[in-house]
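# Close look at the chain arrangement
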Amino acid sequence: MSEDLLVRAKNLNVKFVSRDATVHAVNGVDFQLAQREVLCILGESGSGKSVTLRAIMGLNPRGKTVVEGELNVCGQDVVGASEAQMSQLRGRQVAMIFQEPMTALDPVFTIGRQIAETIVRHESISYKDALARALDLLELVQIPSAKRRLEAYPHELSGGLRQRAMIAIALSCKPKLLLADEPTTALDATVQIQILLLLRRLQQELGMGVIFVTHDLGVAGEIADRIAVMYAGRFVEEGPVRDVMRAPLHPYAQGLLGATVHAGLRGKRLTTIPGAPPDLRAIAPGCSFAPRCAMVEAACRADLPNLRSPEPGRSARCIHVNEAA
Amino acid sequence: MLQLPTMPDRGGPAQPLLIVQNLVKHFPLKGGLFGQGGKVQAVDGIDFEIRKGETLGIVGESGCGKSTASRLIMSLIEPTDGEIIFDGEKVGTAALPLKEYRRQVQMVFQDSYASLNPRLSIEESIAFGPMVHGLGRSRAIPRAHDLLTAVGLAPAQFAHRYPHELSGGQRQRVNIARALALRPRMLILDEPVSALDKSVEAQVLNMLLDLKAQFELTYLFISHDLNVVQHVADRVLVMYLGRVAEIGPVDSIFAAPQHPYTQALLASRPSMDPDRRRTEPPITGDPPNPVNPPSGCRFRTRCSLAEDICASATPPLGTTGPMHQAACHIVAPGSGHSMASREAA
Ligand SMILES: Nc1ncnc2c1ncn2[C@@H]1O[C@H](COP(=O)(O)OP(=O)(O)OP(=O)(O)O)[C@@H](O)[C@H]1O
Ligand SMILES: Nc1ncnc2c1ncn2[C@@H]1O[C@H](COP(=O)(O)OP(=O)(O)OP(=O)(O)O)[C@@H](O)[C@H]1O
Ligand code: SF4
Ligand SMILES: [Mg+2]
Ligand SMILES: [Mg+2]
């Protein structure tokens, strides 16, 4: 594997097995993430975005999760890794932020203590030095009156400040790879743009690779280098942000763009995608979007379309996309 | 037998369907310091009208009082102050008793699941209201089926299902059908598509536009999504911390916002163009707490144009253009703000 790649996934499959059913959450995902690259995974509820991110962190529940295929993160093979190897990876190289900051913050400790203890756990420095670093981190994420905020408990902070505090904790291990699971979805518009711009600046200044999960095309447009569109556990399209936003290749991605309300459509009917996503307990052969697709043909239902690349850097899983000659 | 017809139009086309006057709701804080004094100023004196057949959109950030305002209008909670006038009649008087008013105004909430009784089948949920109002089951059930068809759910497939057997988008359609069952004249839609996926959101928005024409409805449409409001609303009301910041026709609000808050809200939208990304956040910080709102203009703590006058005086909601009003000292002639014109109006 190339030295430059932070993540390489090949035919990644994740399923959850229980007595009553098997949920096929991720069904053959291929992608690579280079250093300093920002990939947005765009998709609707249940398409497998969070499960993909958690697979990279090794955070899907052990016991019921079956991971197959190849997944290499910062040089570590994740599929066969022990819990000890994964916790090394999580502490040193990879960090994750969430939609709800309280899942990452402990309500009974001050912000300063939580950051300092995270640092002490991973580096051999004194608590006092770690606390000084915590202050730097709060300033880095632009928390006003950072010194005073070291003493604050999570519930004493507004939603936007809590989100910044969570980002500070994630950055405390100087990660090479930041995984972001809808970190701005629950925020107000005027706060969301602040957090997005902050993440973009930090990504550039610290040179991190980022995988950013969102269901909002506009958010992806602000931060992504590349966009992967996910449907029923597969990347149905992947490409540079401009191309995917302006001229998507896959009918599902086209439908999503048409269904996204934006200026200029006032009073007009929106394009809709009929129907609903498939039940992941029984994946049918062929293209998962076929039952909802206006361009469906018999071949779509027969076999899963392979990834076709009409031009370098772009690909889609649809029989109507022509492979470059 | 009761037919449940639509209520007649009493005041004629010139009479606004709904007039809200100085509506106030302060929630006392439980266990506040010394047991008194603390209160959440959730809605603090709002005035507006909704004309017959129009869609008024309300936008604003979390906690600015949108849902409280809608619950006040539905008279689900008691106002601290203020009046609601429906088609020329004051609500809760002999001329318009609450029970009759509540039939004419129905509400759809964001949480499609919590709004449905899990033990009632879909057809029973929709037929429930009309049956409470005296319609017999033998008529209420076929009506429920007609409404299911109107919201795009085939009765044969869905009438006997229970809420947990439906997707979020399907449940929201059922909620809308249920709201329509009493033949209301107005729907209050509180974030009706916020919990839905984009492809489903588009289906429900299209359907709401169709139903509005089919049933001659008036909408109060609440959303934090400016794109959605721009798409559905005729006029837009922008709320900030319990007050009206700006109100006007949708085109002039989006093309020429007058209030610095509206300008910031619009500029906070993702650009939808990777070549013209946002570079600076329009404003910093979070909205302040409505327990202790800033004096004067409530936006002043985040406003880059604030001056002394903004802290000392509350800006009035003043006219800035045709049907367009904003509450900012900058657009109030003679206010004393350095950017305001000198002479008083
Ligand atoms: N631990 C689990 N056990 C069983 N099924 C699971 C588990 N975690 C996720 N799933 C299922 O896997 C599928 C993909 O879920 P995932 O959380 O990745 O969706 P998502 O794309 O992140 O959606 P959202 O936008 O709603 O967050 C869903 O059908 C979900 O119900
Ligand atoms: N029953 C209540 N008791 C005390 N405070 C309340 C009550 N209901 C609402 N509030 C407070 O009133 C303020 C306005 O709340 P409201 O729900 O109206 O906001 P909103 O604009 O609908 O927000 P959102 O976008 O989050 O739905 C908030 O600070 C809220 O915490
Ligand atoms: S009144 Fe003052 S603080 Fe309020 S919006 Fe206008 S300029 Fe800003
Ligand atoms: Mg998720
Ligand atoms: Mg609300």
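Residues numbered from 1 in each chain as written. Chains lettered and ligands numbered in written order. Predicted model: local features only at pLDDT ≥ 70, side-chain atom pairs only at ≥ 80, totals over all residues. Heavy atoms only, no water.

### Looking at the overall build of chain B
Heads up, the rule is: Every helix listed is a DSSP run of H or I at least four residues long, and every strand listed is a run of E at least two residues long, numbered separately from the N terminus. Each residue gets one of three labels from its accessible area relative to the maximum for its type: buried under 20%, exposed over 50%, partly exposed in between, using a 1.4 Å probe on protein chains only. Only heavy atoms matter for contacts: two residues are in contact if any of them lie within 4.5 Å across the pair. For the accessible areas, the method is Shrake-Rupley and the probe is 1.4 Å, while residue cover comes only from the protein chains on display. The charged-residue count follows a simple rule in which Lys and Arg add positive charge and Asp and Glu add negative charge, with His and chain termini not counted at all. The atoms used to mark charge sites are NZ of Lys, CZ of Arg, CG of Asp and CD of Glu.
Helix and strand counts for chain B stand at 11 helices and 12 strands. Out of the 345 residues in chain B, the part that is buried amounts to 52%. A separation of at least 24 residues holds for 66% of the contacts in chain B among residues at least 6 apart in sequence. Total accessible area on chain B stands at roughly 14900 Å², and carbon and sulfur atoms take up 52% of it. In chain B, which carries 34 positive and 34 negative side-chain charges, the distance between the mean positions of the two groups comes to 5 Å.

### Observations concerning the domain arrangement of chain A
Residue and element names in this part refer to chain A. The following threshold applies: Annotation comment: domain bounds sourced from an automatic or database domain assignment. Reported buried area values correspond to the accessible surface (1.4 Å probe) lost by two parts on association, with both partners' losses combined. Between Lys or Arg on one side and Asp or Glu on the other, a salt bridge is scored when a side-chain nitrogen of the former is within 4 Å of a carboxyl oxygen of the latter. Following the grouping adopted for this structure description, the nonpolar residues are Ala, Val, Leu, Ile, Met, Phe, Trp, Tyr, Cys and Pro, the charged ones are Asp, Glu, Lys and Arg, and the polar ones are all others, Gly among them.
Split by domain assignment, chain A resolves into domain 1 (5–93 + 175–261 + 270–324) and domain 2 (104–174). The C-alpha centroid of domain 2 is placed 30 Å from the C-alpha centroid of domain 1. Taken together, the contacts link 18 residues of domain 1 with 13 residues of domain 2. When the two sides are added together, the surface that domain 1 and domain 2 hide from each other amounts to roughly 1300 Å², 65% of it contributed by carbon and sulfur. Broken down residue by residue, the surface that domain 1 buries against domain 2 is led by Gly-91, Pro-175 and Leu-198, which jointly contribute 34%. Inspection of the region where domain 1 meets domain 2 yields 0 salt bridges. Listing elements by their share of the side of domain 1 that touches domain 2, those giving two or more residues are helix H2 (83–92) and helix H7 (189–206). At 9 residues, the largest contribution of residues to the side of domain 1 that touches domain 2 is made by H7. Considering only residue class, the side of domain 1 that touches domain 2 consists of 11 nonpolar, 2 polar and 5 charged.

### Focus: the site of ligand 2
Residues and elements named next belong to chain B. Threshold: Nearness of a residue to a molecule or strand requires only that one of the residue's heavy atoms be within 4 Å of it. We define a polar contact as two N or O atoms separated by no more than 3.5 Å, with the added condition that, inside protein, one atom must be a possible hydrogen donor and the other a possible acceptor, whereas residues neighbouring each other in sequence contribute only through side-chain atom pairs.
Close contacts around ligand 2 come from 13 residues, with Ser-62, Gly-63, Lys-66, Ser-67 and Thr-68 the closest. A distance of 2.8 Å separates an oxygen atom of ligand 2 from a polar side-chain atom of Lys-66. Thr-68 is positioned such that a nitrogen or oxygen atom in its side chain is 2.5 Å from an oxygen atom of ligand 2. For ligand 2, whose accessible area on its own is 640 Å², the fraction buried by protein is 63%. Broken down by element, the residue count for the shell around ligand 2 peaks at 4 residues, all from helix H1 (residues 66–73).

### Thoughts on helix H3 (residues 122–132) of chain B
Residues and elements named next belong to chain B. When H3 is considered as a whole, its buried residues turn out to be Ile-122, Glu-123, Ser-125, Ile-126, Ala-127, Gly-129 and Pro-130. Buried residues belonging to H3 abut helix H4 (137–150), helix H5 (155–158) and helix H6 (168–180). Of the residues trailing H3, Gly-134 is marked for its positive phi of about 100°.

### Regarding helix H4 (residues 127–140) of chain A
Residue and element names in this part refer to chain A. So the rule is basically this: Under the convention used throughout, the expected extent of a helix is 1.5 Å for every residue step, that is, one less than its residue count.
For H4, built from 14 residues, the straight-helix expectation of 20 Å at 1.5 Å per residue is met to within 8% by its first-to-last C-alpha distance of 19 Å. Along H4, the residues that are buried comprise Ala-130, Arg-133, Ala-134, Leu-135, Leu-137 and Leu-138. At its buried positions, H4 is contacted by helix H3 (111–122), helix H5 (146–149) and helix H6 (159–171). Two residues or fewer past H4, Gln-142 is found with a positive phi of approximately 60°.

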